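The residues making up each chain are set out below.
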Number of protein chains: 2
Amino acid sequence: MNAIPVPSVTFKDVQAAAARIKGLAVETPLVESPALNERVGGRVLLKLETQQRVGAFKFRGAYNRLVQLEGAQKQAGVVAFSSGNHAQGVALAAKLLGLPALIVMPSDAPALKVANTRGYGAEVRLYDRLTESREAIAAEIAQQRGATVVPAYNDPHIVAGQGTVGLELLAQARAAGADLDQIVSPVGGGGLLSGISLVSKELSPRTALWGAEPSLYNDLAQSLEKGERVSVKPTVRTLCDALESPSTGDITFPILKRNLAGAVGLTDPEVAETLRYAFATLKLVMEPGGSVALAALLTSKVAAKGKTTGVVVSGGNVDPELFARILKGEV
Amino acid sequence: MNAIPVPSVTFKDVQAAAARIKGLAVETPLVESPALNERVGGRVLLKLETQQRVGAFKFRGAYNRLVQLEGAQKQAGVVAFSSGNHAQGVALAAKLLGLPALIVMPSDAPALKVANTRGYGAEVRLYDRLTESREAIAAEIAQQRGATVVPAYNDPHIVAGQGTVGLELLAQARAAGADLDQIVSPVGGGGLLSGISLVSKELSPRTALWGAEPSLYNDLAQSLEKGERVSVKPTVRTLCDALESPSTGDITFPILKRNLAGAVGLTDPEVAETLRYAFATLKLVMEPGGSVALAALLTSKVAAKGKTTGVVVSGGNVDPELFARILKGEV
């Protein structure tokens, strides 16, 4: 029996995605803070996907995937499973394209993400992350409805869409006179970082690429060390709800393995401290999972001294109650 | 006896200030949110002075003032009085220029602002805002030391420096393909808005200019109505510590009177709701006083439907404890 071939994704796919999302996705700002530069002793450029539609980069890939559905696929609509940001991205893309969408979300997902997903007009089906399989639920619903399952990361169109972050980042860095020594990005399933790496290796091959992940979900670091995909049991919780995918995918991992310098893990206290720093000094709202690349710099887990670093802030959808507790130092 | 002539400020002064602060002040981003556009039914461009050094626009004017001191003036240093943002601006400008700085701050100023002012190396003298006169304290210290008093707004170099916000805003709006129908800015003493108005009337005369102020400190609205400067007794407190100046100045008011379409007042509950909106939807940290122009749009006190509006977000220095209470709806 032959193995099913894994679809490949290329730089050209990212360029095609950029043309599809143009004028629909926000070209998010790249900002620089003298205070942050001074703190790390280098030059840091922050790519603010918090300013993207739905407050996270996920809209890019979701729209690039959904806009390519055809005929009967469009009428049957889409099903996705997500802790929140992919959910919102798919829900909004479906709304803009006039498709029905059902999103399978964990019952302990941030309330803001669930509310926003419903706000974009999607149907939400909650599940228990410890006893139920979201993949099975989504597959069953998709079969019943003839709907298309939209994966959160392991899909070539999703990867290509997220890669547009890299296209913008490199162009904006160049416009700011910055030649990037390295790019650091949050990584969960690897859709965003694999997409960025396709762009970076094409346009700026000398730029080193780093993944930042929760230390309790350091499957990428383990996988890079072992040379093959390793899974983490998704039983523990971290602050980084957006990054609790047990492993990368068979599409994303080979790209990451080929292109990354490495991956570093961040603890909850380090992430909370980063959110407080972003609030007090940068005046930016970040969600825990969206801040781990910045956390990697602030903790020196990725050395930034004397370097020019692009940092992806991937999302800002954090519940106000949690953020208030973090501000008060209770988390 | 002849009256002392009031110094004038011109568009050329703002251009000269822009040359002086170039590379030292941040060219802050102008951002646009599809969600906000949808909410107000128009196009809104947010000028984020929260991303400026010291977290507020004040660094621009302070640096433009201090860099023009000469010889003995430089050695004797500077004295300023401020609730916080001007304090930080002067403190950082003095640090960069190697001048001693003493700042007179109210004892109930936000702790973050006091700490940051000290952090930039300035000496801080606290005073009781209800029983002491900050002007008298500053004047006395200045005389003792031979130091130069740096006013927070009623100074031509300060006005010119703050006006650089307008230069950037108009250029960035043009680059984004936006022809501004109106600009709304927070106003306290009027340094920022008078400076912006000098630029806007020169480069985009059709753009209407609006001031937004706390409704309990609506001295500008009263002054515009009466045609002369009116003062508000600074005895009440609002959330907007940055905008509690009792009146505009004899330099700033004539410019505002000539150039403004009007001024609107915002209540504390409206400001708190705006901060929560900025957090949840825009992923931006704003301080109360920095958010009043956005609040004017969200409350429709300045109509934005069908229009293209530039909104100045003037600062983001808010104590985490207060912000946490606002997020929890306790304020």
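Keep in mind that this is a model prediction, so the values were computed, not measured.

About the thresholds
Residues numbered from 1 in each chain as written. Chains lettered and ligands numbered in written order. Predicted model: local features only at pLDDT ≥ 70, side-chain atom pairs only at ≥ 80, totals over all residues. Heavy atoms only, no water. Least-squares fit on C-alpha atoms with pLDDT ≥ 70 in both. Axes fitted to C-alpha atoms, helices over the stretch in contact; angles between N-to-C directions. Helix = DSSP H or I, 4+ residues; strand = E, 2+ residues; numbered from the N terminus. Parallel < 35°, antiparallel > 145°, perpendicular 65-115°, else oblique. Contact = heavy atoms within 4.5 Å. Nonpolar A, V, L, I, M, F, W, Y, C, P; charged D, E, K, R; others polar. Buried area = accessible area lost by both parts, 1.4 Å probe. Salt bridge = Lys/Arg side-chain N within 4 Å of Asp/Glu carboxyl O. Polar contact = N/O pair within 3.5 Å; in protein donor to acceptor, adjacent residues only side chain to side chain. Phe/Tyr/Trp six-rings, centres within 6.5 Å; stacked < 30°, edge-to-face > 60°. Buried < 20%, exposed > 50% of the residue type's maximum accessible area, 1.4 Å probe, protein only. Lys NZ or Arg CZ within 6 Å of the ring centre and 35° of its normal.

Draft legend 1. Looking closely at the relation of the copies chain B and chain A. Of the two same-sequence chains, chain B is brought onto chain A (RMSD 0.0 Å, axial shift 0.0 Å) by a rotation of 180°. The operation mapping one copy onto its partner corresponds to a two-fold rotation axis. For chain B, the smallest separation between a C-alpha atom and the rotation axis is recorded for A324 of chain B, amounting to 2.2 Å.

Draft legend 2. Here's a closer look at the packing of helix 1 (residues 11-21) of chain B against helix 8 (residues 156-175) of chain B. Residues and elements named next belong to chain B. Across the interface, helix 1 lies against helix 8 with an axial gap of 8 Å and an inter-helix angle of 90°. Classed by the angle they form, the pair helix 1 and helix 8 counts as roughly perpendicular. Between helix 1 and helix 8, the contacting residues are F11, D13, V14, Q15, A17, A18 and I21 on the first element and A160, G161, G163, T164 and L167 on the second. Per-class residue counts for the contact of helix 1 with helix 8 are 7 nonpolar, 4 polar and 1 charged.

Draft legend 3. Geometry of the interface of chain B and chain A. With 25 residues of chain B at the contact, the number on the chain A side is 25 residues. Of the roughly 2,200 Å² buried where chain B meets chain A, counting both sides, 67% is carbon and sulfur surface. Remark: the boundary between chain B and chain A carries 0 salt bridges. Inspection of the chain B/chain A interface yields 8 residue pairs in polar contact (both at pLDDT 80 or more). Secondary structure elements with two or more residues in the side of chain B that touches chain A: helix 2 (34-40), helix 12 (268-282) and helix 14 (320-327) of chain B. Here the side of chain B that touches chain A gets 4 residues from one element, more than from any other, and that element is helix 14 of chain B. Its residues assigned to classes, the side of chain B that touches chain A shows 14 nonpolar, 5 polar and 6 charged.

Draft legend 4. Geometry of the packing of aromatic side chains. Using the criterion set out here, one finds 6 aromatic pairs over all chains in the structure. Between F279 of chain A and F323 of chain A, the ring centres sit 6.3 Å apart and the planes meet at 65°, which makes this aromatic pair edge-to-face. On the criterion of sequence distance, the pair formed by F279 of chain A in helix 12 (residues 268-282) and F323 of chain A in helix 14 (residues 320-327) is long-range, its members being 44 residues apart. Residue F279 of chain A shares its accessibility class with F323 of chain A, and that shared class is buried. An aromatic cluster of at least three residues, connected via ring pairs, comprises F279 and F323 of chain A together with F279 and F323 of chain B. Lying over the aromatic face of F59 of chain A, R53 of chain A brings its terminal NZ or CZ to 5.7 Å of the ring centre.

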